[in-house]
Amino acid sequence: MTKMVNIYYAGFIHRGGGAYIHVVNLSKGLKELGYELNIITLDKLPVLFRYLPHIAQKIGNFINFPFGYIYKQKIIKFFYKIKFKDKGDINIFEDIYIAWNSKIRSIAILHALWSDNLQAFDLKKSQRESLEKIETQIINRINFNIATVSRPYKNFIEKRLKKENLKKELDVIELGVDISKFHSERPVSYTHLTLPTIYSV
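What you see is a predicted model, and the numbers here were worked out from it, not measured in a lab.

Undergrad: Any details on the overall build of the chain? Residues and values, ideally.
TA: A tally of helices and strands in the chain yields 6 helices and 8 strands. Seen in sequence order, the chain has helices and strands lined up from the N terminus as β-α-β-α-α-α-β-β-α-β-α-β-β-β. In the chain, buried positions account for 41% of the 201 residues. Considering only contacts within the chain whose residues lie at least 6 apart along the sequence, 63% involve residues at least 24 apart. Just so you have it, the chain exposes about 12000 Å², and 54% of that area is on carbon and sulfur atoms.

Undergrad: Let's hear about unusual backbone geometry: which residues, and what values?
TA: With an omega of 5°, the peptide bond running from Phe 65 to Pro 66 counts as cis. As for its placement among the helices and strands, Pro 66 is situated in the loop between helix H3 (52-64) and helix H4 (68-84). Phi is positive for Asp 86, close to 65°, though the residue is something other than glycine. Tracing the backbone shows Asp 86 in the loop between H4 and strand E3 (90-93).

Undergrad: Give me the lowdown on the sheet that holds E3, citing residues and values where you can.
TA: One open sheet accounts for 6 strands, arranged E2-E1-E3-E4-E5-E6; its pairing is parallel. Of all strands in the sheet, those bounded by a partner on one side alone are strand E2 (36-40) and strand E6 (171-172). Pairing between strand E5 (residues 145-148) and E6: 2 bridges, direction parallel. Paired with Ala 147 across the strands is Asp 171, a residue of E6.

What counts, and where the lines are drawn
- Residues numbered from 1 in each chain as written.
- Predicted model: local features only at pLDDT ≥ 70, side-chain atom pairs only at ≥ 80, totals over all residues.
- Heavy atoms only, no water.
- Helix = DSSP H or I, 4+ residues; strand = E, 2+ residues; numbered from the N terminus.
- Buried < 20%, exposed > 50% of the residue type's maximum accessible area, 1.4 Å probe, protein only.
- Contact = heavy atoms within 4.5 Å.
- Areas by Shrake-Rupley, 256 points an atom, 1.4 Å probe, with all protein chains shown as cover.
- Pairing = 2+ DSSP bridges.

In structure tokens, the structure reads:
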């Protein structure tokens, strides 16, 4: 029997960055292994609900920066749970902030922390520490595996959030490249080559 894999992404299709590229490449790999895929993005919500998380982010950051980013993800998680909870056989959450403890076998991918992704802003030490405390709580509440994309990043997270405060060991699923799937019709300068990435599945 073919298993259905839900991949949850907290953005719009075709409008994402590295995490969305990972969704696309991961889904291709899983399809080749015979899984059915359900890629869940904001596009799958009713139109009236698609932009509410972004509105909450802006209002939240205006009132209590930088926690609007957390409010946005909580709302997305709430909508996804209402519409898709307990459907399918496997959940892959492309973000710890939208992950919930499900009866379905699940894993969350930790691409980046918000506390590590706000370099453009002049965060106060107290703001960063409060955000890090919330992120530590989010990780500790998840009762399934969380994987980062590299061992150096895992070490960085454990240093930033303080390993002794984390109640679970973070896994590592290294990003890799399937060279056999890369084709070029023109000479390639390997010095400047950037290849799409895909998890080994």
